[in-house]
Amino acid sequence: MSVRNLDEASGRRQRAGRTGTALLLALLTLATGCAVNPVTGQRELSLLSTANEISIGQSQYGPLQQMGGGQYRVDPGVAEYVAAVGDRVAAVSDRDLPYEFVVVNDGTPNAWALPGGKIGIHRGLLVELENEAELAAVLGHEVVHAAAKHGASQIQREMLFGLAGLGVALAVDDAKHAWAIVGATNLGLHLAGKKFGRDQERISDYHGMKYMHRAGYDTSAAVTLQEKFVALSEGRQSGWLQGLFASHPPSPQRVASNREALAAFPSGGEVGQARYRAHIATLLEDQDVYDLADEAREHIEGNPAHALRLVDQAIGRQPRESLFHGVRGDILASQGRHGDALRSYDAAIERNPDYFAHYLGRGLSHDALGEPRLAQSDLTRSNRLLPTPFASYKLGGYALADGKRAEAKRLFKAASQGSGEVGTAARDAYVRLDIEDEPWRYLQAEPFFEDGQVVVEVSNTSNYRLADIVVRVHVEINGESYYRRLTLQQLASGYYDVLASDIHYRDEDDFTADTVVLKAGPGW
Ligand SMILES: [Zn+2]
């Protein structure tokens, strides 16, 4: 056997940093240069237009809500109330944006603002607030992040940083990677998980109080609220601390400087304690019901019977919460009771038809019951709300069964971003198809002239074992063409083999040769 290991260090393909230059040019044509910040009045670099900011925020708005549990729907009055307080603060802000406020069905105490003015507050933060002035403080702070372009400046910095590190960062991957910074769904997660800078927090605290004051609220609520958060974060376990204003961490220093800043505003103003508690009464009553459901979720694997009892208790107390029915569906599905699970998912979807996980769960149960059309429809719906590796992988399988090869590849590729078993299975499925479609991306074949015979060196440059390899060699000797199809049963990753073509030449002949990889398949 002439099979040999490839020299790993040869580094056959090196990608150049041309992508980065293209991005730089695109940015410069797009650039609006310097602009005055509408909140601080300072001149600063401004590469994103307001329309850019709004469209980036808009594209992340849905996915960010989905990742938190969708919108809170049990008591629509809560969302209306929060939006009304938000509108009141936004109306007096320094920048006209299409502000929007949404209550996310997430138990962790957090709030976020996207570029362009889309703002979310978690159910878990609402129950920690005492009054409407505190709510106005939180929303005012978020409004400033959007108005003062804090999210936009972070994106800008990453774009510039990306350009600075051109050879390193951008050469690693293709153009998609560079544009992913502004384009992909990952951005929402990225922005939400990211802490704003200390300066941006100070600016948001200060101008947030200014907006509160303009809207008629008692500005001291902004400071007492933060004092409370600092105290709470000291007493709680680390998980809670991480959730607590993850993107705007409270600190004693921040409280001290805000207390100083408070002196600039006249005292007094609306507090709205009774009003606040009346409006979020349902949330306050249901607090421990959500704890029951959380506990049920933790027991799904270890003690499903107990999990089911807990979630049934939760449903008994708050039958309108879709998440509880979804958890019930998950418990039943985990026990293989897919028929019963379907009924729970139906109940969940009836209560909130806009949350991906309900469709994902129902789709997987339909899949398990051998109902591909229903499964496909639910998984498609789930993916439209929030693309997940699981749904994409399953949908890829369905597309392939329907003979939609390109669609299947697209879905498997998307799913291969996932971690764990699904990601591995999806990468596998993608490569299986891709090897057959474009075998030359996995193999190299080069002709050599050896002792009067043309031979072909076939190298497996991929990470996969390849099989059923067919290479065509074309040789011209003194103006006459000769063709051979050479085959190879198997070739392991990182190995090469030399195939004899049986085409002979004499040294005095005039000869050339070229090869084409015709075919290869998965060898595993
Ligand atoms: Zn903040």
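Please read all numbers here as calculations on a predicted model, not as lab measurements.

A. Representation of helix 3 (residues 76-90). Counted at 1.5 Å a residue, the expected span for helix 3 with its 15 residues is 21 Å, and the 21 Å between its end C-alpha atoms agrees. Along helix 3, the positions that sit buried rather than exposed are Tyr81, Val82, Val85, Gly86, Val89 and Ala90. Residues of helix 3 that are buried sit in contact with strand 4 (100-104), strand 6 (118-122), helix 5 (132-147), helix 10 (198-214) and helix 14 (273-279).

B. Representation of the nonpolar core. Grouped together as the largest cluster of nonpolar side chains are 63 residues, with contacts concentrated most on Ala293, Val311 and Val458. Ranked by residues supplied to this core, first place goes to helix 17 (residues 322-334) with six residues. Both domains that furnish three or more residues to this core are identified here as domain 2 (388-435) and domain 3 (439-522). Membership of the second largest hydrophobic core comes to 48 residues, among which are Val74, Val82, Phe101 and Leu114.

C. Quick peek at the packing of helix 19 (residues 356-368) against helix 20 (residues 372-385). The contact between helix 19 and helix 20 brings their axes to 8 Å, and the two run at 155 degrees. Classified by the interaxial angle, the pair formed by helix 19 and helix 20 is roughly antiparallel. In the crossing of helix 19 with helix 20, the sense of the turn from one axis to the other is left-handed. For the pair formed by helix 19 and helix 20, the contact residues are Phe356, Tyr359, Leu360, Arg362, Gly363, His366 and Asp367 on the first element and Leu374, Ala375, Asp378, Leu379, Arg381, Ser382 and Leu385 on the second. Residue composition of the contact of helix 19 with helix 20, grouped by class: seven nonpolar, three polar and four charged.

D. Layout of unusual backbone geometry. If you check the backbone angles, Asp468 has positive phi at about 50 degrees while not being a glycine. When you line up the elements, Asp468 lands in strand 9 (residues 466-477). Not every positive phi belongs to a glycine, and Asn478 is a case in point at roughly 50 degrees. Residue position: Asn478 is located in the loop between strand 9 and strand 10 (480-491). Since 10 C-beta atoms lie within 10 Å of it, Asn478 is described here as exposed.

About the criteria used
- Residues numbered from 1 in each chain as written.
- Predicted model: local features only at pLDDT ≥ 70, side-chain atom pairs only at ≥ 80, totals over all residues.
- Helix = DSSP H or I, 4+ residues; strand = E, 2+ residues; numbered from the N terminus.
- Expected span 1.5 Å × (residues − 1).
- Buried ≥ 20, exposed ≤ 12 C-beta atoms within 10 Å, placed from the backbone.
- Contact = placed C-beta atoms within 7 Å.
- Core = buried A, V, L, I, M, F, W, Y, C linked by C-beta atoms within 7 Å.
- Domains from an automatic or database assignment.
- Axes fitted to C-alpha atoms, helices over the stretch in contact; angles between N-to-C directions.
- Parallel < 35°, antiparallel > 145°, perpendicular 65-115°, else oblique.
- Left-handed = near helix turned anticlockwise from the far one by under 90°.
- Nonpolar A, V, L, I, M, F, W, Y, C, P; charged D, E, K, R; others polar.

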